[in-house]
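Structural description and commentary
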Amino acid sequence: MKYNLNLLRSIISLIRKKTIIKNHPIHLQIEPTTSCNLNCNFCISKFDRSNKMMSYSNFKKIMDIFHPNSVTFSGRGEPLLNLDLQRMIDYCKQTKIVTSITTNFTLGGELSDDLIKAGVGSIRVSIDSSNKNTYKKIRGVDSFDSIIDGINKINSIKAKYKLKRPFLFFEYVILDDNFFEIPSILKLASKININYINFRFLQVYDKILDKKSDLIGKITHKKNKDKLNEYLSIADDLGVNTNLDEIILNWGDYCNYCNLKKTPKQTECLHPWLQCFVSCDGQVAPCCSLLDNEGESFGNIFTHDFYSVWNGEKFRAIRGAFVNKKTIYNSCKTCPSKDISFFIKKAFKYKF
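Since the model is a prediction, treat every value here as computed from it, not as a measurement.

Conventions we followed
Residue positions within a chain follow its written sequence, with the count starting from 1. Totals for whole chains, interfaces and linings use every residue, but because this is a predicted model, local features are given only for residues with pLDDT of at least 70 and side-chain atom pairs only at 80 or more, for both listing and counting. Values reported for side chains reflect all heavy atoms of the structure, with hydrogen atoms and water molecules removed beforehand. Bend angle per residue: angle between axes fitted to the 7 residues ending at that residue and the 7 residues starting there. A run of DSSP states H or I qualifies as a helix once it reaches four residues; a run of E qualifies as a strand once it reaches two. Both are numbered from the N-terminal end. Classification of residues uses two cut-offs on accessible area relative to the type maximum, computed with a 1.4 Å probe and protein chains only: under 20% is buried, over 50% is exposed, and between them is partly exposed. Between rings of Phe, Tyr and Trp, where Trp is taken as its six-membered ring, a pair exists when centres lie within 6.5 Å; planes separated by under 30 degrees are stacked, by over 60 edge-to-face, and by other angles tilted. Note on criteria: charge over ring means Lys NZ or Arg CZ within 6 Å of the ring centre, with the direction from the centre no more than 35 degrees off the ring normal. Note on terminology: a nonpolar core comprises buried Ala, Val, Leu, Ile, Met, Phe, Trp, Tyr and Cys residues joined through side-chain atoms within 4.5 Å. Two residues form a contact once any of their heavy atoms are found within 4.5 Å. Only the contacting stretch of a helix is used when fitting its axis, a line to C-alpha atoms as for every element, and angles between N-to-C directions run 0 to 180 degrees. Any angle from 65 to 115 degrees is called roughly perpendicular, while one under 35 is roughly parallel, one over 145 is roughly antiparallel, and all others are oblique. The sense of a crossing depends on the near helix, which, turned anticlockwise from the far helix by less than a right angle, makes the crossing left-handed and, turned clockwise, makes it right-handed. Ten residues, namely Ala, Val, Leu, Ile, Met, Phe, Trp, Tyr, Cys and Pro, are considered nonpolar, four, namely Asp, Glu, Lys and Arg, are considered charged, and the remaining ones, Gly among them, are considered polar. Any pair of nitrogen or oxygen atoms within 3.5 Å is treated as a polar contact; in protein, a donor-acceptor pairing is required on top of that, and neighbouring residues in sequence qualify only through side-chain atoms on both sides. Pairing between strands requires that DSSP locate at least two bridges from one strand to the other. Note that the arc is defined by the directions from the helix axis to the C-beta atoms. Viewed with both strands pointing away, a crossover whose connecting path from the first strand over the helix to the second turns clockwise is right-handed.

Along helix H10 (residues 244-258), the sharpest kink reaches roughly 50°, centred on Asn250. For H10, the buried fraction is high: 11 of the 15 residues fall into the buried class. Those residues of H10 that fall on the buried side of the exposure criterion are Leu244, Glu246, Ile247, Ile248, Asn250, Trp251, Tyr254, Cys255, Asn256, Tyr257 and Cys258. Immediately beyond the C-terminal end of H10, within one or two residues, lies Leu260, with a positive phi of roughly 60°.

Have a look at this one:
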């Protein structure tokens, strides 16, 4: 009942677009750890890896404060390295909260049974490549085959017990090294029953600027929009669900920004009304990018009460900026705008 009431309040907040709101976030992104077992060439976390681990007791405190409808476990580190993660997922299952993990899934094979038993709703595998050679170049380790084996194990368990969940996603940051492999990742997704591929732009910010030309210097020009349209046609033919249409729509603005020609305008974002990112040590922001890229904390939930953070000065400011179609933070500039119609269309199009 409390989740339905909060959902209703959230809808009202979206309609009214006030800077001070009464609903709680319906979604939380929780960071189980800052530790990671990879060395990805586009990751900023390795510049400041503190190896923090969220305790189960602190996780329960967060849940008791926020009362979300859904939770995604992700952040600067690899969630599966937190030994309490299965307990956290199980707690969400018992309280009817939908869960998702964003993971490199290098440990997925050995933890597949535990994840399914705990009741995880979806697994988002950050893979960024369609073969072991490109994977090793981007991610710094040779784990591609073990990731695919882990996915196959999940699918085998689902088939054995006739389970629909967990849904399986690929996360794919578009880089020079993998742009022309997109048809291959589409074919791989079709072969191993991936529900959805989420393609992402590289976020260009201070810590990554000196590597920008090496990471995306060859692909960020407008003529590659034709290639993306070709790839979208391949996805449609294969029946693979993707967000390539969104990537195509925003490709021109992305290329302009990356080549310092023009700053794209972030016209609308729903996050400040609907969700929070909570770090290992309780720092809160509307999304992980603001905290990771710019070190911008909107308050600490372990030292401040909920509404002093959720309706504090920084949350009020960012809500007001988006209402007036303005951008405060650099991290928002390469984040595709998502208005309410986007989410409604997405909800009707995909079961997950």
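To continue, consider the packing of aromatic side chains. The final tally for this structure, using the stated rule, is 18 aromatic pairs. Aromatic ring contacts, followed pair by pair, group Phe66, Phe298, Phe306, Tyr307, Trp310, Phe315 and Tyr329 into a single cluster. Its guanidinium or amino end placed over the ring of Trp273, Lys17 lies 5.2 Å from that ring's centre, counting from NZ or CZ. If you follow Arg319 out to its NZ or CZ, it ends over the ring of Trp310, 4.6 Å from the centre.

Attention now goes to the nonpolar core. Core analysis: the biggest nonpolar cluster contains 102 residues, and Phe59, Ile151, Phe170 and Phe199 have the highest contact counts within it. A per-element tally of this core places H10 first, with 8 residues. The contact partners of Phe170, leaving out residues within four places of it in the chain, are Val125, Ile127, Ile151, Ile185, Leu188, Ala189, Ile192, Ile194, Tyr196, Ile197 and Asn198.

Here we take up the packing of helix H9 (residues 224-238) against H10. In helix packing, the relevant descriptors are the interaxial angle and the interaxial distance, both defined with respect to the helix axes. Running from N to C, H9 and H10 point in directions that differ by 165°, and their axes come no closer than 10 Å. Taken together, the axes of H9 and H10 lie roughly antiparallel to each other. Regarding H9 and H10, the two cross each other, and that crossing is left-handed. Counted together, Asn224, Lys225, Leu228, Asn229, Tyr231 and Leu232 of H9 and Leu244, Asp245, Ile247, Ile248 and Trp251 of H10 form the full contact between these two elements. Per-class residue counts for the contact of H9 with H10 are 7 nonpolar, 2 polar and 2 charged.

Moving on, we come to the environment of Ser130. Looking at the secondary structure, you find Ser130 in the loop between strand E4 (122-126) and helix H5 (132-139). Residues Ser130 and Ala159, spaced 29 residues apart in sequence, show a C-alpha to C-alpha distance of 24 Å. Beyond its immediate sequence surroundings of up to four residues, Ser130 is in contact with Phe144, Glu181, Ser184, Ile185 and Leu188. A polar contact is formed between the side chain of Ser130 and the side chain of Glu181, at a distance of 3.0 Å.

Looking now at the sheet that holds strand E5 (residues 167-173). Pairing within the open sheet is mixed, and its 8 strands lie in the order E6-E5-E4-E3-E2-E1-E7-E8. The sheet terminates laterally at strand E6 (196-200) and strand E8 (284-285), the two strands that pair on one side only. Both strand E1 (residues 27-30) and strand E7 (residues 275-278) contribute to a ladder of 4 bridges, which runs parallel. Bridge pairing in E7 places Gln29 opposite Phe277.

It is worth spelling out helix H2 (residues 56-66) at this point. Buried within H2 we find Tyr56, Phe59, Ile62, Met63 and Phe66. The buried side chains of H2 occupy one side of the element, clustering within an arc of 115° when seen end-on. Those residues of H2 that are buried are in contact with E1, strand E2 (70-73), helix H3 (85-94), E7, E8 and helix H13 (306-310). One or two steps after H2, the chain reaches His67, where phi turns positive at roughly 50°.

Here Ser126 shows up in strand E4. Using a relative accessible area of 11% as the deciding quantity, one classes Ser126 as buried. Apart from the residues within four sequence positions on either side, Ser126 is in contact with Thr102, Thr103, Asn104, Arg139 and Glu171.

Burial runs high along E6: 4 of the 5 residues are buried. Two elements, E5 and E6, share 5 bridges in a ladder whose sense is parallel. When the sheet's bridge partners are listed, Tyr172 is paired in E6 with Phe199. The parallel pair E5 and E6 is bridged by helix H7 (residues 182-191), and the resulting crossover is right-handed.

Moving on, we get to unusual backbone geometry. Omega for the peptide link from Arg165 to Pro166 comes to 5°, which places this bond in the cis form. Phi at Lys96 takes a positive value of approximately 60°, unusual for a residue other than glycine. Despite not being glycine, Lys325 shows a phi value in the positive range, around 55°. Relative to the assigned elements, Lys325 resides in the loop between helix H14 (313-323) and helix H15 (340-349).

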